[in-house]
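# Structural description and commentary
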Amino acid sequence: MHRFFAMHHLLDETPIKFESSQSVERAGLLVLLPFLQANGLFSFKSHYEELKRGYYYISFIIQLLAYMYLSRIKNPEQLKLISPGELGKVMGIDRVPETRCLRNKLKEICNQNKSKDWNIDLENQWVNEDGNGFYYINGHVQVYSGYSASLGKKHIARQRLCLPGVQEFWVNNEDGLPYFYVTGQVNEKLLEMLSISIIPQLLNDIKHKISNEELASDKDLPIFTIVFDREGYSPQFFGKIWDDYRVAVLTYRKNVKDSWAESEFKDYEIEIAGNKEVMKLAEKQVRLNNVEMREIRKLSEGGHQTSIITTNRKLSKLDLAKKMFSRWTQENYFKYMRKEYDFDRLLQYVVKEIDSDFVVSNPEYNNLSYHLKKIREKINRRKAKLYELISKNSQESFENTSKEYKKQAKEQLEIDYLLEQETDLINKRSSLPSRIKVKDMPEHLKYNRLDIESKHFQNIIKMICYRSESNCSNILSEYYNRADDEKRALVKAIINSRGDIISDEEQGTLTVRIYTLPNERMNRALEKLLEILNEGEHKYPDTNLRLIYTTAKSNITKGKEF
């Protein structure tokens, strides 16, 4: 009857009604529901409007996407392989939408263009909860393999290739948990995005700013510190953002040519992500491009010295070394998301125009520079060969001089011809600007961009799912051996476990009984987790049903039946 009313646009609200069921697939998703709530999944209601009348409302769609990503159902097409009724039982409806319906609903949601506002809202929540004043920034390229868009090429470090794609710059915390990201239009570099997007957004949106009184009383106190790799190395920039905003940096130093005496290094015990190790550290004050900074070096067993520089004057060298060498958590985040969440997949391929006044590198200028580089490589090879012939001829007998001279003359002619080509290319390139506006580009080379709204929307939900997984795994790690290696595998086992769902509307409860996991230590950790969740007295969204968690093992022990 509800579907009949929805078909005729007469249904005001689809009711959530749980039927008591046994052995429901992925019943463990309900264990992650409180974590999704805590990480702001349902805060979308402050930004998105309700969809046009139908059976599936926006809350169903967003909750379904979160369940899909947690279950590693990576795109709407894979829903065809899943029983829609079984997943519907976990959500309190008869069945989840089919692929075409889900895509239509996603398009309707993304047309509202609210993902940026939602991400800013979540960023404020997350930063206030776990922000410690350190923000890790790194680039990630989403490779584009289509033909509709004309995108600038970016270097893909993991593939060692330059490919067309979308450049994203992510901001995470020390544990790898994401806050937000910004997307470049064409080929923006890290320093440029820091200046125009990331630092202004952090300054404007972070609510836990240090007061002006504190800043005035302590001249060395930074508002926050940004951490990144050598791509953003620029001492002038470091000094500018400290003078203008009181923002400190922590990064690796480039072009280190000197070595410090080994006697200057001392042993320090450091703990990173639960792993303890001893580091040999030393520190000095340095001036780079007239900017005063601290330089900290780590001495490896092989004698290599890793140099770190910072404008943060408050923390000890041990704490700064720990912060810097925690950068791998952000790399692990990208690796995990690509593997587990199909991070780079686009739900929609829509091409949009770039701002016509946006300044980019001139493709024709770059093409001439590339050919000029190749010509000069050829010239250098010919000159090397000519030098070799001259040296050889000086050692040959007089009878062979004429023969060797002809070889030298041939090489010289080829060098002269290449030098003419080089001069011609230099003259052509000098007549072109190195950077031009998009509107001045030739039509066949003109850049455009992908509509990133759908990508941003799905990335927000994936960030919430990742943070929920992380929060859950951190609780489990207290009660689980080998937690560092297996805690995320345990969370996935819980998510995919079967269970009973028992609804009691008279008592206002929804009991989730999770079936036993593969081994006893997993079950013990699960029981501790469920005890903590029960203490929180969580309610199922948009209902008055209180969630009660238990395990089949504990109920068998107590003699309870379904």
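How each quantity is defined
Residues numbered from 1 in each chain as written. Predicted model: local features only at pLDDT ≥ 70, side-chain atom pairs only at ≥ 80, totals over all residues. Heavy atoms only, no water. Axes fitted to C-alpha atoms, helices over the stretch in contact; angles between N-to-C directions. Helix = DSSP H or I, 4+ residues; strand = E, 2+ residues; numbered from the N terminus. Parallel < 35°, antiparallel > 145°, perpendicular 65-115°, else oblique. Left-handed = near helix turned anticlockwise from the far one by under 90°. Contact = heavy atoms within 4.5 Å. Expected span 1.5 Å × (residues − 1). Buried < 20%, exposed > 50% of the residue type's maximum accessible area, 1.4 Å probe, protein only. Pairing = 2+ DSSP bridges. Right-handed = clockwise from strand over helix to strand, strands pointing away. 1 Å grid on protein atoms, 1.4 Å probe; cavity = no way out; pocket = protein on both sides within 12 Å on 5 of 7 lines; lining within 4 Å. Points joined across faces, edges and corners; volume = space filled by probe spheres on them. Nonpolar A, V, L, I, M, F, W, Y, C, P; charged D, E, K, R; others polar. Patch = residues over 30% accessible without salt bridge, like charges linked within 9 Å, V, L, I, M, F, W, Y side chains within 5 Å. Areas by Shrake-Rupley, 256 points an atom, 1.4 Å probe, with all protein chains shown as cover. Salt bridge = Lys/Arg side-chain N within 4 Å of Asp/Glu carboxyl O. Arc of directions from axis to C-beta. pLDDT = per-residue confidence, 0-100.

### A few points about the packing of helix H2 (residues 29–38) against helix H16 (residues 520–536)
Taken N-terminus to C-terminus, the directions of H2 and H16 make an angle of 50°; their axes are 11 Å apart at the nearest point. By the criterion of interaxial angle, the relationship of H2 to H16 is oblique. You can see that H2 and H16 cross each other, and the crossing is left-handed. Together, Val31, Pro34 and Phe35 of H2 and Leu529, Leu530 and Leu533 of H16 make up the contact between the two elements.

### A closer look at helix H6 (residues 115–130)
In this model H6 runs 22 Å from its N-terminal to its C-terminal C-alpha over 16 residues, within 8% of the 22 Å that 1.5 Å per residue would give. When H6 is considered as a whole, its buried residues turn out to be Ser115, Trp118, Asn119, Leu122, Glu123, Asn124, Trp126 and Val127. The elements touched by buried residues of H6 are helix H3 (58–70), strand E2 (134–143), strand E5 (178–183), helix H7 (190–205) and helix H14 (453–477).

### A few points about the pairing of strand E6 (residues 224–227)
Side chains of E6 alternate between two faces, with Phe224 and Ile226 and Thr225 and Val227 buried alike. Where E2 lies against E6, three bridges are found, and the strand directions are parallel. Across the sheet, tyrosine 136 pairs through a bridge with valine 227, a residue of E6. Relative to strand E7 (residues 247–252), E6 is paired through four bridges, and the arrangement is parallel. Residue phenylalanine 224 lies in a different strand from E7, and its bridge partner there is valine 247. Considered for its hand, the β-α-β crossover made up of E6, helix H9 (residues 235–245) and E7 is right-handed.

### Details of empty space enclosed by the protein
Overall, the coordinates contain two cavities of 30 Å³ or more when judged by the stated rule. Within this model, the largest cavity holds a volume of roughly 50 Å³. If you go around the largest cavity, the residues you meet are Ile16, Phe42, Ser59, Phe60, Gln63, Met91, Tyr540, Pro541 and Asp542. The biggest single contributor to the lining of the largest cavity is H3, with three residues. Residues of the lining of the largest cavity, tallied by class, amount to six nonpolar, two polar and one charged.

### Section: a nonpolar patch on the surface
The grouping of Met1, Phe4, Phe5 and Met7 at the surface amounts to a nonpolar patch, some 460 Å² of accessible area in total. Within the secondary structure, phenylalanine 4 sits in helix H1 (residues 2–7). By relative accessible area, phenylalanine 4 is classed as partly exposed at 45%.

### A word on helix H10 (residues 317–324)
Those residues of H10 lying buried are Leu320, Ala321, Lys323 and Met324. Axial view of H10: buried residues confined to an arc of 160°, hence all on one face.

### Here we look at the pattern of salt bridges
Following the criterion strictly, the structure yields 32 salt bridges and no others. Linked by salt bridges that have partners in common, Arg72, Glu340, Glu469, Arg488 and Lys492 make up one network.

### What about the confidence of the model for the protein?
Per-residue confidence for the protein gives a mean pLDDT of 86; residues scoring 70 or more make up 90%. Across the protein, the element-wise mean pLDDT spans from 62 in helix H17 (residues 552–557) up to 96 in H2.

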